[in-house]
Amino acid sequence: MADIIYFVIPCYNEEEALPITAQILYRKMRALQSAGRAASQSRVLFVDDGSKDRTWEKIEELVKTDALFAGVKLSHNRGHQNALLAGLMTARESADVVVSMDADLQDDIDVVDRFLEEYEGGCDIVYGVRSSREKDTFFKRTTAEGFYKFMRAMGVEMVFNHADYRLMSKRALDALADYREVNLFLRGIVPLIGFKSTCVPYERKERVAGESKYPLGKMLAFAFDGITSFSVKPIRLLAWLGLGILLASIVAFLYVLAAHVSGWAVPGWSSVVCSIWFLGGLQLLALGIVGEYIGKIYAETKHRPRFHIEEYLRAQAGRVEIGQ
Ligand code: UDP
Ligand code: MG
């Protein structure tokens, strides 16, 4: 018997892209159903991440037009990762297997066939990996590459060039549900789950409509969160840097002492001022990084919920139901 497949799509201000995306996903799911690869209870589940435009109205319309569509509305904007998690956890209740993707169709939808082949062959997690980023802007491409390299150097094992286009089995989703952290970085957590997994390369396309919802500020915050949620290396680096500076200052002290004893020391304030600024800066930087970790501990100890679902719209037995 065919498996119940859920496509999960987080959406933030995607009213322009949504109708096109919905149509393409509709066709894909129907094709999978007629090929006997997806059960009739399969769904395309959109998660509205507190959009400010008419995204939710669009989702409501879709759910009314066809039972294939379902929608989850978050109570306010929680960010891509939390929205995706909300979708995955909702889908987990009914699905055998879930494919997550962005609302802008940058990820080639036909690759889902290969995802499913791997799944049918026994894989629990299939990562979509971008084989080229030519359609991304130069800036996006270089910052993204730098990010992956930096993350690896920081000891965070991530799948290179994989965003959140991936397939996860019910078993993998159940494992994901056990990770209770508030500072959520799915791309770092999913590889920790283990199970049999593989990568499928694909070409990344341009956005079908609308603009990127990841401006530079959000991208930097995402990278910073990723690093500090997963790695204690920055703190260790600081400790090493501190040790290095300490050793260097012993050498400098010996030099100054020698200069003083031999009587050729010149009274100079510039070096003093320089070192005060340097050390002051270093200390502030160290405090900032330590503070970041303390902030994370603070957030984790509160165990705040990661999202609230305001509405869950889905069609059941021919009518639209509003649940939860
Ligand atoms: N997104 C979201 N909440 C946010 C920001 C983005 O749910 O706060 C969604 C967005 O609608 C899209 C996906 O996350 O489906 C990826 O965003 P985008 O395509 O803008 O990022 P990019 O591809 O430019 O990195
Ligand atoms: Mg995109």
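Residue positions are counted from 1 within each chain, in the order its sequence is given. Throughout, the order in which chains and ligands are written sets their labels, letters from A for the former and numbers from 1 for the latter. Only residues with pLDDT of at least 70 get local features here, since the model is predicted, and only at 80 or more are side-chain atom pairs given and counted; chain-wide, interface and lining totals rely on the full set of residues.

> Hey, could you run me through the overall build of the protein in this one?
Working definition: helices are DSSP H or I runs of at least four residues, strands are E runs of at least two. Numbering for both runs from the N terminus. Counting secondary structure elements, the protein contains 10 helices and nine strands. Taken over C-alpha atoms, the radius of gyration is set against a globule rule of 2.2 Å times the number of residues to the power 0.38. The C-alpha radius of gyration of the protein comes to 25 Å, more than 25% above the 20 Å expected for a compact globule of 324 residues. Along the first, second and third principal axes, the C-alpha atoms of the protein reach 95 × 35 × 35 Å. For every residue pair, C-beta atoms are placed from the backbone, and the pair is scored as a contact if these atoms sit within 7 Å. Residue pairs in contact within the protein that sit at least 24 positions apart in sequence constitute 82% of those at least 6 positions apart.

> Looking at this model, I keep getting lost on the site of ligand 1. Mind explaining?
Near, as applied to residues and a molecule or strand, means the residue's backbone-placed C-beta atom lies within 6 Å of it. In the vicinity of ligand 1 there are 16 residues, among which Pro-10, Tyr-12, Ala-103, Ser-212 and Lys-213 approach most closely. Within the residue set of the shell around ligand 1, elements represented by two or more residues are strand 1 (5–11) and helix 3 (80–92). In the scheme used here, Gly and all other residues not listed as nonpolar or charged are polar, with Ala, Val, Leu, Ile, Met, Phe, Trp, Tyr, Cys and Pro taken as nonpolar and Asp, Glu, Lys and Arg as charged. Partitioning the shell around ligand 1 into residue classes produces six nonpolar, five polar and five charged.

> What is the right way to read the UniProt feature "transmembrane region" (unreviewed entry) in the protein from this model?
UniProt positions are given in the numbering used here, feature names are shortened, and annotations may be inferred rather than shown by experiment. The UniProt feature table records "transmembrane region" (unreviewed entry) at residues 237–257 and 269–294. Along residues 237–257 one finds 100% helix and 0% strand; the C-alpha atoms at either end are 30 Å apart.

> Teacher, can you tell me more about helix 1 (residues 18–34) here?
For an α-helix, 3.6 residues make a turn, and residues three or four places apart therefore share a direction. Multiplying one less than the number of residues by 1.5 Å gives the expected span of a helix. End to end, helix 1 covers 24 Å across 17 residues, agreeing with the expected 24 Å (1.5 Å per residue, within 8%). Each residue is classed by its C-beta neighbour count within 10 Å, where at least 20 other C-beta atoms makes it buried, 12 or fewer makes it exposed, and intermediate counts make it partly exposed; the C-beta atoms are placed from backbone geometry. Where helix 1 is concerned, the buried positions are Leu-18, Thr-21, Ala-22, Leu-25, Met-29 and Leu-32. Considered in projection along helix 1, the buried side chains sweep an arc of 95 degrees and stay on one side of the axis. Exposed and oriented more than 90 degrees from the buried face of helix 1 are Gln-23, Arg-27 and Ser-34. At its buried positions, helix 1 is contacted by strand 1, strand 2 (43–48), helix 2 (55–65) and strand 3 (69–74). Taking the helix axis as origin, the arc is that swept by the directions to the C-beta atoms.

> I would appreciate a short explanation of the nonpolar core in the present structure.
Generally speaking, a soluble globular protein has its nonpolar side chains buried in company with each other. Ranked by size, the top nonpolar core spans 64 residues in total, and within it Phe-7, Val-8, Leu-45, Val-47, Val-98 and Phe-115 carry the most contacts. Contact partners of Val-98, with chain neighbours within four places excluded, come to Tyr-6, Val-8, Leu-88, Ala-91, Met-168 and Leu-173. In plain words, the nonpolar core is the set of buried Ala, Val, Leu, Ile, Met, Phe, Trp, Tyr and Cys residues that C-beta atoms within 7 Å link up.

> Is there a simple way to explain the domain arrangement of the protein in this structure?
How big an interface is tends to be stated in terms of accessible area lost as the parts join. With domains assigned, the protein is organised as domain 1 (3–213) and domain 2 (230–300). Distance from the C-alpha centre of domain 1 to the C-alpha centre of domain 2: 45 Å. Of the residues lining the interface, eight residues belong to domain 1; the matching set on domain 2 comes to six residues. Taken together, the residues that form the side of domain 1 that touches domain 2 break down as four nonpolar, three polar and one charged. An automatic or database domain assignment provides the domain bounds reported here.

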